[in-house]
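Residues per chain are reported as follows:
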Amino acid sequence: MEQYELIATTTFGLEAVCKRELIALGFKVIGTENGKVMFLGDNNGIVKANLWLRTADRVLLKMAQFKASNFDELFDNTIGLNWGHYIPVDGKFVVNGKTVKSKLTSLPAVQRTVKKAVVNNLLKHHKTVELTETGSEYSILISILKDVATLTLDTSGAGLHKRGYRVRTVEAPIKETLAAALVMLSYWNKERVLYDVFCGSGTIPIEAALIGRNIAPGLYRKFASENWEFIGSNTWKEERKSAFQEIKHDTELKIYASDISKESIEAAIENAEEAGVDDCIEFTISDFNELGYENNYGIVISNPPYGVRLEDEYEVKKLTGKMGKIFNNLDTWSKYFISSYKNFEQIYQRPADRKRKLYNGRIEAWYYQYYGPKPPLK
């Protein structure tokens with residue numbers, strides 16, 4: 001079966017996590033760049049990557065990369081590609097993109113040029129004088145950086161963070177892909193207790209439960225390429241069936257999620273029910289300093305309120321200080337917090353064992369990691 005060069009796009013800082021995911025799924029990774037991991041895959045691979053990747057934003061099929069310092073180069077290189085293999089005679093397609101630090105500065109003109117080239121190519125390939133564009137949708141992405149153009153097809157459609165389980169949300173929710181990454185960057189596994197003490201609408205504990213039970217994050221959503229002829233509906237049926245068979249229904253998880261807000265907990269419960277993991281998460285309405293942290297060797301992974309959300313720096317400082325007083329006394333625990341508060345370590349009164357720069361949406365944040373000892377062998 002034909003192999004394609006595919007691109008998993010990611011939020012800045014998650015490239016290494018996404019790369020590990022791809023390798024674990026059996027893909028051959030051929031390179032990484034800021035916000036991108038390149039890998040090889042066939043039709044089944046396109047489907048598998050979309051269903052299983054937890055930290056990627058999209059899966060793109062790379063059509064070509066070439067120099068395009070003028071519109072003639074852009075048109076000639078685009079029209080020469082095998083668009084007809086991918087887009088049928090009735091395919092509906094749009095061209096989106098961006099141009100950065102390039103001679104071709106007008107994005108609308110770039111989009112029109114690519115569209116015209118693809119139309120001419122398809123008319124010739126399908127031996128027709130008209131493209132009805134009434135069929136399946138195909139999104140062509142053109143990216144020009146320093147006069148180098150990259151053309152891709154977006155196989156995902158809606159971003160992969162849209163798992164489909166978020167029926168209720170709260171202010172400043174964390175993206176599902178980032179929440180999954182926080183769990184995957186921690187020492188947590190299905191044998192250990194997990195607490196999220198600022199759970200909001202439940203994204204971190206839900207993503208942990210999906211990981212713990214080996215549930216493919218894209219199992220219950222739709223994708224742009226589901227109706228693409230060259231992939232075929234049977235491929236999607238096969239991969240979905242395989243993903244269902246991989247679910248570990250009997251895995252018992254100890255995940256506790258709490259928040260001081262009743263509205264947040266109600267939203268989190270609804271979202272967990274929609275995701276099918278409500279039976280392995282215990283939700284409580286509680287202030288984090290009123291919880292009983294009785295389990296030794298537990299894990300805390302949380303996205304505490306900070307900066308933009310509280311706006312009052314005094315409140316952020318007070319909260320961070322309370323966190324330090326409580327969690328620094330839990331000697332056998334491992335603690336992980338994502339925060340954009342620049343004085344976090346100072347007010348928490350302990351430098352992180354490791355910290356990683358990440359982005360929560362457009363907010364620059366740091367993932368502060370405090371390691372506890374490994375649990376004794378049973």
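Chains are numbered independently. Their residues run from 1 in the order of the written sequence. With pLDDT at 70 or above as the cut-off, local features in this predicted model cover only qualifying residues; side-chain atom pairs require 80 or more to be listed or tallied, and sums for whole chains, interfaces and linings still use all residues. Side-chain measures were taken over the full set of non-hydrogen atoms in the model, leaving aside hydrogen atoms and water.

## Let's talk about the pattern of salt bridges
Phase 1: By salt bridge we mean one thing: a side-chain nitrogen of Lys or Arg within 4 Å of a carboxyl oxygen of Asp or Glu. Overall, the coordinates contain 15 salt bridges when judged by the stated rule.
Phase 2: A salt bridge links Lys 175 to Asp 57; the nearest nitrogen and oxygen atoms lie 3.9 Å apart. Residue Lys 175 is found in the loop between strand E7 (148-154) and helix H6 (176-184), and its partner Asp 57 is found in strand E4 (residues 56-67); the two are separated by 118 residues along the sequence.
Phase 3: For Lys 175, a relative accessible area of 26% corresponds to the partly exposed category.
Phase 4: Burial classification: accessible surface area is computed with a 1.4 Å probe over protein chains only, and a residue below 20% of its type maximum counts as buried, one above 50% as exposed, and the rest as partly exposed. Its relative accessible area of 15% is what places Asp 57 among the buried residues.
Phase 5: Notably, a salt bridge pairs Arg 166 with Glu 176, separated by 3.6 Å at the nearest N-O pair. Each helix is a run of H or I in the DSSP string that is no shorter than four residues. Each strand is a run of E no shorter than two, and both are numbered from the N terminus.

## Side note on the nonpolar core
Phase 1: With 90 residues, the main nonpolar core has Trp 83, Ile 140 and Val 277 as its most contacted residues.
Phase 2: With 6 residues, the single largest contributor to this core is E4.
Phase 3: Sequence-distant contacts of Val 277, that is, excluding residues within four places in its chain, are made with Ile 206, Ala 209, Leu 210, Ile 215 and Ala 272. What we call a nonpolar core is a set of buried Ala, Val, Leu, Ile, Met, Phe, Trp, Tyr and Cys residues that are connected through their side-chain atoms within 4.5 Å. Working rule for contacts: check all heavy atoms of both residues, and any pair within 4.5 Å makes them a contact.

## So, the packing of aromatic side chains
Phase 1: A pair of aromatic rings is counted whenever rings of Phe, Tyr or Trp (Trp by its six-membered ring) have centres within 6.5 Å, and the orientation is called stacked for planes under 30 degrees apart, edge-to-face for over 60 and tilted otherwise. In the structure shown here, the tally under the stated rule is 25 aromatic pairs.
Phase 2: Look at Phe 12 and Tyr 359: their rings are 5.9 Å apart centre to centre, the planes differ by 75°, and that puts the pair in the edge-to-face class. One end of the pair, Phe 12, is in the loop between strand E1 (4-10) and helix H1 (15-24); the other, Tyr 359, is in strand E13 (residues 354-360), and 347 residues separate them in sequence.
Phase 3: On the basis of relative accessible area, Tyr 359 is assigned to the partly exposed category, the value being 25%.

## Structural notes on the sheet that holds strand E5 (residues 92-100)
Phase 1: We treat two strands as partners when DSSP finds at least two bridges between them. Taken in spatial order, the 7 strands line up as E2-E3-E1-E4-E7-E6-E5 in an open sheet, and their pairing is mixed. Taken across any chain shown, the strands that pair with only one partner, and hence form the sheet edges, are strand E2 (28-33) and E5. Here the average twist between neighbouring strands, direction ignored, is 30°.
Phase 2: In this sheet, strand E3 (residues 36-41) lies alongside E2 in antiparallel orientation, the contact comprising 5 bridges. The partner of Glu 33 across the bridge, within E3, is Lys 36.
Phase 3: Axis definition: a line fit to C-alpha positions, over the contact stretch in the case of helices; interaxial angles, taken between N-to-C directions, run 0 to 180 degrees. Helix-sheet contacts for H1 involve E1, E2, E3 and E4, and the interaxial angle to E3 is about 15°.
Phase 4: Against the sheet, helix H5 (residues 107-125) touches E5, strand E6 (137-145) and E7, its axis set at about 140° to E5.

## Considerations on helix H8 (residues 233-245)
Phase 1: What a helix is expected to span follows from its residue count: subtract one and scale by 1.5 Å. For H8, with 13 residues, the first-to-last C-alpha span of 19 Å sits near the 18 Å given by 1.5 Å per residue.
Phase 2: All buried positions along H8 are accounted for by Thr 235, Trp 236, Glu 239, Arg 240 and Ala 243. Projected onto a plane normal to the axis of H8, the buried residues spread over an arc of 125° and lie on a single side. Along H8, the residues that are exposed and aim more than 90 degrees away from the buried face are Asn 234, Lys 237, Lys 241 and Gln 245.
Phase 3: Each element contacted by the buried residues of H8 is listed here: helix H2 (43-52). Taking the helix axis as origin, the arc is that swept by the directions to the C-beta atoms.

## A few points about the packing of helix H3 (residues 71-79) against H5
Phase 1: For the pair H3 and H5, the least separation of the axes is 8 Å and the interaxial angle reads 35°. Note on packing geometry: the crossing formed by H3 with H5 is right-handed. Here H3 contributes Phe 71, Leu 74, Phe 75, Thr 78 and Ile 79 to the contact with H5, which in turn contributes Ala 109, Val 110, Thr 113, Val 114, Lys 116, Ala 117, Val 118, Asn 120 and Asn 121.
Phase 2: A per-class count over the contact of H3 with H5 returns 9 nonpolar, 4 polar and 1 charged. Each crossing is labelled by how the near helix is turned from the far one, with a counterclockwise turn of less than a right angle marking it left-handed and a clockwise turn marking it right-handed. Only Asp, Glu, Lys and Arg are considered charged, only Ala, Val, Leu, Ile, Met, Phe, Trp, Tyr, Cys and Pro nonpolar, and every remaining residue, Gly among them, polar.

## Quick word on the environment of Glu 226
Phase 1: Residue placement: Glu 226 occurs in the loop between helix H7 (203-212) and H8.
Phase 2: We classify Glu 226 as buried; its relative accessible area is 13%.
Phase 3: Distance from Glu 226 to Val 47, taken between C-alpha atoms, is 8.3 Å for residues 179 residues apart in sequence.
Phase 4: Contact partners of Glu 226, with chain neighbours within four places excluded, come to Arg 221, Ser 233, Trp 236 and Arg 240.
Phase 5: Contacts described as polar in this section are N or O atom pairs within 3.5 Å, which, within protein, must combine one atom able to donate a hydrogen with one able to accept it, while residues neighboring in sequence count only if both atoms come from side chains. Looking at Glu 226, its side chain comes within polar contact range of the main-chain nitrogen of Phe 223, at 2.9 Å.
Phase 6: In terms of polar contacts, Glu 226 uses its side chain to reach the side chain of Arg 240, at 3.3 Å.

## Describing the environment of Asp 196
Phase 1: Topologically, Asp 196 is positioned in strand E8 (residues 194-196).
Phase 2: Taking the relative accessible area as the measure of exposure, Asp 196 reaches 3% and is therefore buried.
Phase 3: The spacing of Asp 196 and Ile 255 is 59 residues in sequence and 8.1 Å in space, taken between C-alpha atoms.
Phase 4: Sequence-distant contacts of Asp 196, defined by excluding residues within four places in its chain, comprise Ile 204, Pro 205, Tyr 256, Ala 257, Ser 258, Ile 301, Ser 302 and Asn 303.
Phase 5: There is a polar contact of 2.7 Å between the side chain of Asp 196 and the side chain of Ser 302.

## So, the sheet that holds strand E11 (residues 299-302)
Phase 1: The 7 strands lie next to each other as E10-E9-E8-E11-E12-E14-E13, forming an open sheet whose pairing is mixed. Two strands close off the open sheet at either side, each with one partner strand: strand E10 (281-285) and E13. Taking each pair of neighbouring strands and ignoring which way they run, the sheet shows an average axis angle of 20°.
Phase 2: Here 5 bridges tie strand E9 (residues 255-259) to E10, and the two strands are oriented parallel to one another. Across the sheet, the residue bridging to Ile 255 is Ile 281, located in E10.
Phase 3: Taken strand by strand, H7 contacts E8, E9, E10 and E11, and its axis lies near 170° from that of E9.

None of the figures reported here should be taken as evidence of function without further support.
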